[in-house]
Amino acid sequence: MPNPKGNPESLRPFESEREEPLSTTISFRATEKMKDEVKAQDDPAQFCREAIQEALNKKKKT
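Conventions and cut-offs
- For every chain, the first residue of the written sequence is number 1, and numbering continues from 1 along that sequence.
- Selection of residues for local features in this predicted model requires a pLDDT of at least 70, selection of side-chain atom pairs for listing and counting requires 80 or more, and totals for whole chains, interfaces and linings are taken over all residues.
- Values shown for side chains rest on all heavy atoms present in the structure; no hydrogens or waters enter the calculation.
- What counts as a helix is a DSSP run of H or I of at least four residues, what counts as a strand is a run of E of at least two, and both are numbered from the N terminus.
- Two things to know: the radius of gyration comes from C-alpha atoms, and the globule rule equals 2.2 Å times the number of residues to the power 0.38.
- Classification of residues uses two cut-offs on accessible area relative to the type maximum, computed with a 1.4 Å probe and protein chains only: under 20% is buried, over 50% is exposed, and between them is partly exposed.
- To count toward a patch, a residue needs a relative accessible area over 30% and no salt bridge; like charges are then connected within 9 Å, while nonpolar side chains (Val, Leu, Ile, Met, Phe, Trp, Tyr) are connected within 5 Å.
- Areas reported as accessible are Shrake-Rupley estimates using a 1.4 Å probe. Residue values count occlusion only from the protein chains shown.
- Only one rule defines a salt bridge in this text: a Lys or Arg side-chain nitrogen within 4 Å of an Asp or Glu carboxyl oxygen.
- When charges are counted, neither His nor the chain ends are considered; positive counts come from Lys and Arg and negative counts from Asp and Glu.
- For the purpose of locating charges, the reference atoms are NZ of Lys, CZ of Arg, CG of Asp and CD of Glu.

Chemist: What should I look at first to understand the overall build of the protein in this one?
Modeler: In terms of regular secondary structure, the protein is built from two helices and zero strands. Against the compact-globule benchmark of 11 Å for 62 residues, the protein has a radius of gyration of 17 Å, which places it well outside the compact range. Principal axes of the C-alpha set define a box for the protein whose edges measure 55 × 30 × 20 Å. By residue count, 0% of the 62 residues in the protein fall in the buried class.

As structure tokens, then:
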């Protein structure tokens, strides 16, 4: 039975403009201070992705 309060627009697949889809998650431990500082960012998830990519690029160059 369909949800009478549902929105058909929300049933469409999410489309991304990224080169590679974000299809997996990473979980890691951090200090409470690090967590608070990351959460204070405008877009915490994007901040983490950029920081990790920067570190990977730096490591690849050496």
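Chemist: What's the story with a nonpolar patch on the surface in this structure? I'm lost.
Modeler: A grouping of Ile26, Phe28, Ile52 and Leu56 is seen on the molecular surface, where their side chains present a nonpolar patch of about 430 Å² in accessible area. Overall, Ile52 belongs to the partly exposed group, its relative accessible area being 37%.

Chemist: I keep staring at a negative patch on the surface and nothing clicks. Help me out?
Modeler: Negative charge collects at one region of the surface, where Asp42, Asp43, Glu50 and Glu54 lie side by side. You can see Asp42 is positioned in the loop between α1 (32–39) and α2 (44–61). According to the relative accessible area criterion, Asp42 is exposed, its value standing at 84%.

Scope: geometric values only; no functional claims are made or implied.
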